[in-house]
Amino acid sequence: MFSKILIANRGEIAVRIIKTARKMGIQTALVHSDADTGSLAWEMADETIHIGPSPAAQSYLIQDKIVDAVRRSGAEAVHPGFGFLSENPVFARRLEAEGITFIGPNPYAIEAMGDKITSKKFAAEAGVSTVPGHMGLIETTDHAVEIARQIGYPVMIKASAGGGGKGIRVAHSDDDMAEGFAAVKAEALTAFGDDRVFLEKFIVNPRHIEIQVLGDKHGNIVSLFDRECSIQRRNQKVIEEAPSPLLDDATRKAMGDQAIALARAVNYDSAGTVEFVAGQDRSFFFLEMNTRLQVEHPVTELITGVDLVEQMIRSAAGEKLAFGQDDLKINGWAIESRIYAEDPYRGFLPSIGRLVRYETAEEGEHHSPIGPYVVRNDSGVREGDEISMFYDPMISKLCAWAPTRAGAVEGMARALEDTHLNGVGHNVPFLAAVMDQERFRSGNLSTSYIVDEFPDGFHGVPAGPLQRDVLVASAVAMHEILSEQAGDPSNRTDWVVMIDREPIGVSLSYDDDEALTLELAGEDRALRLSEIDWRPGQAQFRAVLDDAPFTAEVRRVADGFEIRSRATKARVRVLTPRLAELFARLPEKVAADTSKLVLSPMPGLVVAIAVSPGQEVKTGETVAIIEAMKMQNILKAERDGVVKAVSAAAGDPVAADDVLVEFE
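This section reports on the structure supplied with the text. (Residues numbered from 1 in each chain as written. Predicted model: local features only at pLDDT ≥ 70, side-chain atom pairs only at ≥ 80, totals over all residues. Heavy atoms only, no water.)

Turning our eyes to something else, we now look at the overall build of the protein. A count of helical and extended segments in the protein gives 17 helices and 40 strands. Taken over the C-alpha trace, the protein has a radius of gyration of 27 Å; the compact-globule value for 664 residues is 26 Å, and the two agree within 12%. Structurally, the protein occupies a C-alpha span of about 80 × 65 × 50 Å along its principal axes. Classification of the 664 residues of the protein by burial places 57% in the buried group. Taken as two groups, the 69 positive and 100 negative side-chain charges of the protein have centres that lie 2 Å from each other. (Helix = DSSP H or I, 4+ residues; strand = E, 2+ residues; numbered from the N terminus. Rg over C-alpha atoms; globule rule 2.2 N^0.38 Å. Buried < 20%, exposed > 50% of the residue type's maximum accessible area, 1.4 Å probe, protein only. Lys, Arg positive; Asp, Glu negative; His and termini not counted. Charge placed at Lys NZ, Arg CZ, Asp CG, Glu CD.)

What follows is the structure, given as structure tokens:
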């Protein structure tokens, strides 16, 4: 076994590898860029080696720097994590030539499966079901349009060297293909240094299901069952679970058998994932094989009890698998929510800045009203850390395990309630909204789920009966605590709670257990709030409402509170009946008119400004392109008009809401 390994990665996955290495008694050396100096992984590693500036192309992607770091550290092996050089066969071969062990599959398997075009050919030869498409190289946009017409729209445009949801577009027309083909080539070149693109038929209303495989260097290969990854946004996975709620035992076995057959065809060793697109009728077709550890590997670990990072290290060291297929069983259900620094209220645009607050559910066993659940949180940041524009905006992977899917969903919902972030935009409210949706709870999923359920984007969720009760009870309890602290002598028991502008009359009383009872005017019912855990200044309000524990995110504002309960956020005021009557007469504030301005939706770099002063622009025409966190975002005109002024140029850094273009 190795005495020291080098981790050629950063963030959450570096932390994850360090934890397993510690458990195995293996020392770790970590490479890091300028931006990652002082990070959580940097702090945890036994040794750190600086390899260059923050952009990955100047640090994590330079093989010479990684090999030099191995030599300097005395490490015997390299774990590449995911992304960066993890699926680069040239890098794996170079390590092999240098006498350094690559903790991953052999270079031949990486080359055969890591290239999306070649992997399709191997899959077909191995008898694996494949999606119709064009695997040859495509040189021009006109050629891409011609092929797309032959395949039949809709067509998926994919980077051959792609991964992580980047370098992918769906084209529904010739115009989509013309624009998407150029965009995918540009993204692929930036992210992977390889602009080759291929096309394949897009399956309507599909599900994304993958099989985890694991092999050793002695010809043993097993399947660790399936994961459902259908909840995606822009082809980036957002919520994953294991196992899939779609599959029956027969389909699960068939997919597992095909995944093993494909892995065996390339003498696969180490951890890998065979991805399939599945129809709602359980038909399935091979998409690609990821020859590395997947971001979503924790859900597989939670249902199988197998540490995949440990198995990768043992396989690389030449050990045989200590178990066979018959030893593996599915135990319970696990769900993973990817918490990103992105603002769902602004079209999920990346958000950078400092994590002023970062609180999350305590790891370990908990209890919900429907049973026990276990929380796991894989994170690469801590409170006070900076979310950089140079890398993916992932903050953590929050996981919940329970004996049943319903228990795992409820456990995840509660874990999200207990997560509080401040300083950057984040997608926790959106994730909570999905957990509460009846469609998700029923398991009726597809890769178009987010588009179907949130066609106009995410704007929060109106307060339902439960959230309404939480908002009322939390606001009244906080108001009482603040009044007591201020020495309020009124002892008033009748109040009006205003949720935004909706008035709700309440009458208060306390019982012998110091629980607060709120009688709701005109509703012939009362709420009982007990075990209140909040003091002024705290960002989370915890209590038990009618025997159900909850956590709400709270903030004091000038005339009340801003409260978020799961996906519902509202301004809540506790007023006397007279003040409530006067408040109802106040006019609503009108939002400022920004219809003549094109604003930068995020911090980033200007790639191009496509218009100039005096130019006539039609609705839908490209105005500017902004790049942030390795993704290019095309800004289009939302109205016809004439450009009055341009306030930015290619190469300029911009902040969110900076004016780029102004129309007359």
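Now that the structure is up, let's keep going.
This part covers the sheet that holds strand 4 (residues 77-79). Taken in spatial order, the 5 strands of this open sheet run 3-2-1-4-5, and their pairing is parallel. The open sheet has two edge strands with one neighbour each: strand 3 (47-52) and strand 5 (101-102). Of the strand pairs in this sheet, strand 2 (residues 27-33) and strand 3 are connected by 5 bridges, and their pairing is parallel. Considered in strand 3, the bridge of Ser33 is made with Gly52. (Pairing = 2+ DSSP bridges.)

All right, on to the side chain of Glu275 then. Relative to the helices and strands, Glu275 resides in strand 13 (residues 270-278). The exposure class of Glu275 is buried, given its relative accessible area of 3%. A polar side-chain atom of Glu275 sits 3.1 Å from a polar atom in the side chain of His208. Among residues more than four places away in sequence, those in contact with Glu275 are His208, Ile209, Glu210, Lys237, Phe285, Phe286, Leu287, Glu288, Asn290 and Gln294. (Polar contact = N/O pair within 3.5 Å; in protein donor to acceptor, adjacent residues only side chain to side chain. Contact = heavy atoms within 4.5 Å.)

Before going further, it helps to spend a moment on the pattern of salt bridges. Counted under the stated rule, the structure contains 66 salt bridges. Its salt-bridge partner being Asp418, residue Arg414 comes within 4.0 Å of it at the nearest N-O pair. Among the charged side chains, a salt-bridge network with shared partners connects Arg16, Lys23, Glu301, Asp307, Glu310, Arg314, Glu319, Arg376 and Asp378. (Salt bridge = Lys/Arg side-chain N within 4 Å of Asp/Glu carboxyl O.)

Two faces make up the sheet, and in a regular strand the side chains alternate between them. Bridging between strand 20 (residues 364-368) and strand 21 (residues 371-379) involves 5 bridges; their strand directions are antiparallel. Considered in strand 21, the bridge of Gly364 is made with Val375. Remark: 2 residues form the turn of the hairpin made by strand 20 and strand 21, two consecutive strands paired antiparallel.

Attention shifts here to the environment of Gln615. Tracing the sequence through the fold places Gln615 in the loop between strand 34 (604-609) and strand 35 (616-617). Taking the C-alpha atoms as reference points, Gln615 and Val643, 28 residues apart in sequence, are found 5.4 Å from one another. For Gln615, the residues in contact, after removing those within four places along its chain, are Ala610, Gly641, Val642 and Val643.

Another aspect to go through is the sheet that holds strand 26 (residues 502-510). The antiparallel closed barrel is built from 8 strands, whose spatial order is 25-26-27-28-29-30-31-32. Averaged over neighbouring strand pairs, the angle between their axes works out to 35 degrees when direction is ignored. When strand 29 (residues 540-545) meets strand 30 (residues 548-557), the two strands line up antiparallel, connected through 6 bridges. Bridge assignment links Arg542 to a residue of strand 30, and that residue is Thr551. (Axes fitted to C-alpha atoms, helices over the stretch in contact; angles between N-to-C directions.)

Here the focus is the packing of helix 12 (residues 405-417) against helix 13 (residues 428-436). Helix 13 packs onto helix 12 with a crossing angle of 155 degrees between their chain directions and a minimal axis gap of 9 Å. Of the possible angle classes, the one that applies to helix 12 and helix 13 is roughly antiparallel. For the pair helix 12 and helix 13, the crossing hand works out as left-handed. Across the interface between the two elements, Val409, Met412, Ala413 and Leu416 of helix 12 pack against Val428, Leu431, Ala432 and Met435 of helix 13. Its residues assigned to classes, the contact of helix 12 with helix 13 comprises 8 nonpolar, no polar and no charged. (Parallel < 35°, antiparallel > 145°, perpendicular 65-115°, else oblique. Left-handed = near helix turned anticlockwise from the far one by under 90°. Nonpolar A, V, L, I, M, F, W, Y, C, P; charged D, E, K, R; others polar.)

When strand 35 meets strand 38 (residues 641-646), the two strands line up antiparallel, connected through 2 bridges. By the bridge assignment, Glu616 is partnered in strand 38 with Val642.

Right, let's get into helix 4 (residues 89-97). Among the residues of helix 4, those classed as buried are Pro89, Phe91, Ala92 and Leu95. Each buried residue of helix 4 sits inside an arc of 160 degrees when the element is viewed along its axis, so together they form one side. Away from its buried face, by an angle of more than 90 degrees, helix 4 presents the exposed residues Val90 and Ala97. On the buried face of helix 4, the contacting elements are helix 3 (63-73), strand 4, strand 5 and helix 5 (107-114). Following helix 4 by one or two positions, Gly99 has its phi on the positive side, about 75 degrees. (Arc of directions from axis to C-beta.)

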